[in-house]
Amino acid sequence: MSKHKTNQTFYFSSISLCICGLYERKIKELNPAMRNISYDIADLYNFIDGLADMSALVYDHSVREYLPYDRQWIKQRTFQHLKKLAH
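Residues numbered from 1 in each chain as written. Predicted model: local features only at pLDDT ≥ 70, side-chain atom pairs only at ≥ 80, totals over all residues. Heavy atoms only, no water.

Peer 1: Would you mind going over the nonpolar core with me for this structure?
Peer 2: Here is a general trend for soluble globular proteins: nonpolar side chains tend to be buried in one another's company. Among the nonpolar cores identified, the biggest contains 14 residues, and Ile15, Ile19, Leu44, Ile48 and Ile74 are the most heavily contacted of them. Listing elements by their share of this core, those giving two or more residues are helix H1 (15-30), helix H2 (41-50) and helix H3 (71-86). Counting residues per element, this core draws most heavily on H1, at 7 residues. Apart from the residues lying within four places of it in its own chain, the contact partners of Ile48 are Ile19, Met54, Arg71, Ile74 and Lys75. (Core = buried A, V, L, I, M, F, W, Y, C linked by side-chain atoms within 4.5 Å. Buried < 20%, exposed > 50% of the residue type's maximum accessible area, 1.4 Å probe, protein only. Helix = DSSP H or I, 4+ residues; strand = E, 2+ residues; numbered from the N terminus. Contact = heavy atoms within 4.5 Å.)

Peer 1: What should I look at first to understand the packing of aromatic side chains in this one?
Peer 2: Centre distance and the angle of the planes are the two values used to describe a pair of aromatic rings. Considering all chains together, one arrives at 4 aromatic pairs under this definition. When the ring of Tyr59 is compared with that of Tyr66, the centres are 5.1 Å apart and the planes differ by 65 degrees; the resulting orientation is edge-to-face. Judged by relative accessible area, which is 34%, Tyr59 ranks as partly exposed. Here Tyr66 falls in the exposed class, since its relative accessible area comes to 54%. Aromatic pair Tyr69 and Trp73: ring centres 4.0 Å apart, planes at 25 degrees, arrangement stacked. By relative accessible area, Tyr69 is classed as partly exposed at 27%. The class of Trp73 is buried, set by a relative accessible area of 16%. One aromatic cluster is present, formed by Tyr23, Tyr39 and Phe47 through successive ring pairs. For the cation-ring pair, Lys75 lies above Tyr45, with the distance from its terminal atom to the ring centre recorded as 5.2 Å. (Phe/Tyr/Trp six-rings, centres within 6.5 Å; stacked < 30°, edge-to-face > 60°. Lys NZ or Arg CZ within 6 Å of the ring centre and 35° of its normal.)

Peer 1: Please clarify how H1 should be interpreted in this entry.
Peer 2: Owing to its 3.6 residues per turn, the α-helix aligns residues three or four sequence positions apart on the same side. Between its terminal C-alpha atoms H1 stretches 23 Å, which fits the 22 Å expected from 16 residues at 1.5 Å a residue. Turning to H1, its buried residues are Ile15, Ser16, Cys18, Ile19, Cys20, Leu22, Tyr23 and Ile27. (Expected span 1.5 Å × (residues − 1).)

Peer 1: Whenever I open this one, the packing of H1 against H2 confuses me. Can you help?
Peer 2: In a packed pair of helices, the relevant descriptors are the angle between the two axes and the axis-to-axis distance. For the pair H1 and H2, the least separation of the axes is 11 Å and the interaxial angle reads 90 degrees. When the axes of H1 and H2 are compared, the pair comes out roughly perpendicular. Across from Ile19, Cys20, Leu22, Tyr23 and Lys26 in H1, the residues of H2 making contact are Asp43, Leu44, Phe47 and Ile48. (Axes fitted to C-alpha atoms, helices over the stretch in contact; angles between N-to-C directions. Parallel < 35°, antiparallel > 145°, perpendicular 65-115°, else oblique.)

Honestly, it's all geometry; don't read function into it.
Below you can see the structure in the form of structure tokens.
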């Protein structure tokens with residue numbers, strides 16, 4: 001018995017916009033009647049950790065190639081983005 005994994009590729013100008021957008025879309029799918037969405041960083045981290053595979057390829061203009069980043073880097077970048085929004 002084989003399991004088929006589904007891969008999805010998203011293109012965003014910001015990794016944090018991508019992650020927050022994916023999470024908010026999931027919340028809306030699970031709670032369609034919810035008008036206002038609120039969550040904290042722990043909720044977002046749990047969502048990220050619950051994904052089977054999470055990585056980012058980010059274009060670096062200085063070397064003209066895409067560089068891979070792991071789940072921890074994604075969490076750090078997302079936290080920094082949300083921290084800026086809070087101030």
